[in-house]
Structure formats: structure tokens, C-alpha cells
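Read off the chains here:
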Amino acid sequence: VNSVIPIANTAAAADQFAAAPAAFADALRCLAHEDFLGFAHSHPNAEPLPSTRDASELWRECLHAILGNADGIWRVRWYWHAASGFVALAETAATP
């Protein structure tokens, strides 16, 4: 990973992620000359599982890292978002 571009989460629910369209467009412009792997976002008060909204709105055919903190322990779950849905790849503990 050579570049990380943070985008603020504008979703109201703890288990969802949404980005302002202008912020997302700015990030895409920054990535124009990079090899794109995928996205990372957090569910600060929920398990690191894709929400229904994640499944319907996040880009497919790329990597997704979801950080979750449902029980006071941060975890990262890695998924491939295939055309047929999310495929779980691995889970790791996250350190603050």
C-alpha cells in the first residue's frame, strides 16, 4: 500500500459508511495514477461485518477492510466484494 486517502464517514448509523460525493470524487482524482486495491472503513459500535447498505452501495470486485468495535476490542475483517456478495478472507486484531 503506497497511498491512503481518508474520507469522513457521513452515515448516521453505527454499522454503515457513507461518503460525501465531493469527498469521494476528490479521492478518486488522487488515485488516478495509483493501482487501486479497495476500501477500508469502520463500524465503531458494531461488528466488522458488511451492512445491508455496504452490500448494496460499496464498489464490487475490490478489497474491503471493515474495522469494528462491538465489544471494546477492535477487529479488522477483510472481504472481497464479488458480484455475488462479500467473501470473507481473514480477521485480524487491530491495535489502537
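The rules behind each value
- Residues numbered from 1 in each chain as written.
- Predicted model: local features only at pLDDT ≥ 70, side-chain atom pairs only at ≥ 80, totals over all residues.
- Heavy atoms only, no water.
- Helix = DSSP H or I, 4+ residues; strand = E, 2+ residues; numbered from the N terminus.
- Rg over C-alpha atoms; globule rule 2.2 N^0.38 Å.
- Buried < 20%, exposed > 50% of the residue type's maximum accessible area, 1.4 Å probe, protein only.
- Contact = heavy atoms within 4.5 Å.
- pLDDT = per-residue confidence, 0-100.
- Phe/Tyr/Trp six-rings, centres within 6.5 Å; stacked < 30°, edge-to-face > 60°.
- Pairing = 2+ DSSP bridges.
- Axes fitted to C-alpha atoms, helices over the stretch in contact; angles between N-to-C directions.

Here we come to the overall build of the protein. When helices and strands are counted, the protein shows two helices and four strands. Starting at the N terminus and ending at the C terminus, the protein contains elements arranged as α-β-α-β-β-β. The C-alpha radius of gyration computed for the protein amounts to 13 Å, which stays within 12% of the reference 12 Å derived for 96 residues, consistent with globular compactness. On the principal axes, the C-alpha backbone points of the protein span a range of 40 × 25 × 25 Å. Counting only residues that meet the buried cut, the protein has 24% of its 96 residues in that class. At a minimum sequence separation of 6, the contacts of the protein that also span at least 24 residues come to 40%.

A few words on the confidence of the model for the protein. Averaged over all residues, the pLDDT of the protein is 85; the fraction at 70 or higher stands at 95%. Put simply, helix α2 (residues 52-57) is where the protein has its lowest mean pLDDT, 83, and strand β3 (residues 75-82) is where it has its highest, 93.

So, about the packing of aromatic side chains. This structure, assessed with the given rule, holds six aromatic pairs. Between Phe 24 and Trp 59 the ring centres are 5.6 Å apart and the planes differ by 80 degrees, which places this aromatic pair in the edge-to-face class. Highlighted residues: Phe 24 in helix α1 (residues 21-30) and Trp 59 in the loop between α2 and β2 (63-68), separated in sequence by 35 residues. Judged by its relative accessible area of 36%, Trp 59 is partly exposed. A centroid spacing of 5.2 Å and a plane angle of 70 degrees characterise the contact between Phe 36 and Phe 39, whose relative ring orientation is edge-to-face.

Spatial ordering of the open sheet is given by β1-β2-β3-β4, a layout of four strands whose pairing is mixed. Strands at the two margins of the open sheet, each flanked by one partner only, are β1 (38-43) and β4 (85-93). Between one strand and the next, the sheet's axes are offset by a mean angle of 20 degrees, whatever the strand orientation. Both β3 and β4 contribute to a ladder of eight bridges, which runs antiparallel. Among the inter-strand pairings, Tyr 79 is bridged to a residue of β4, identified as Ala 88.

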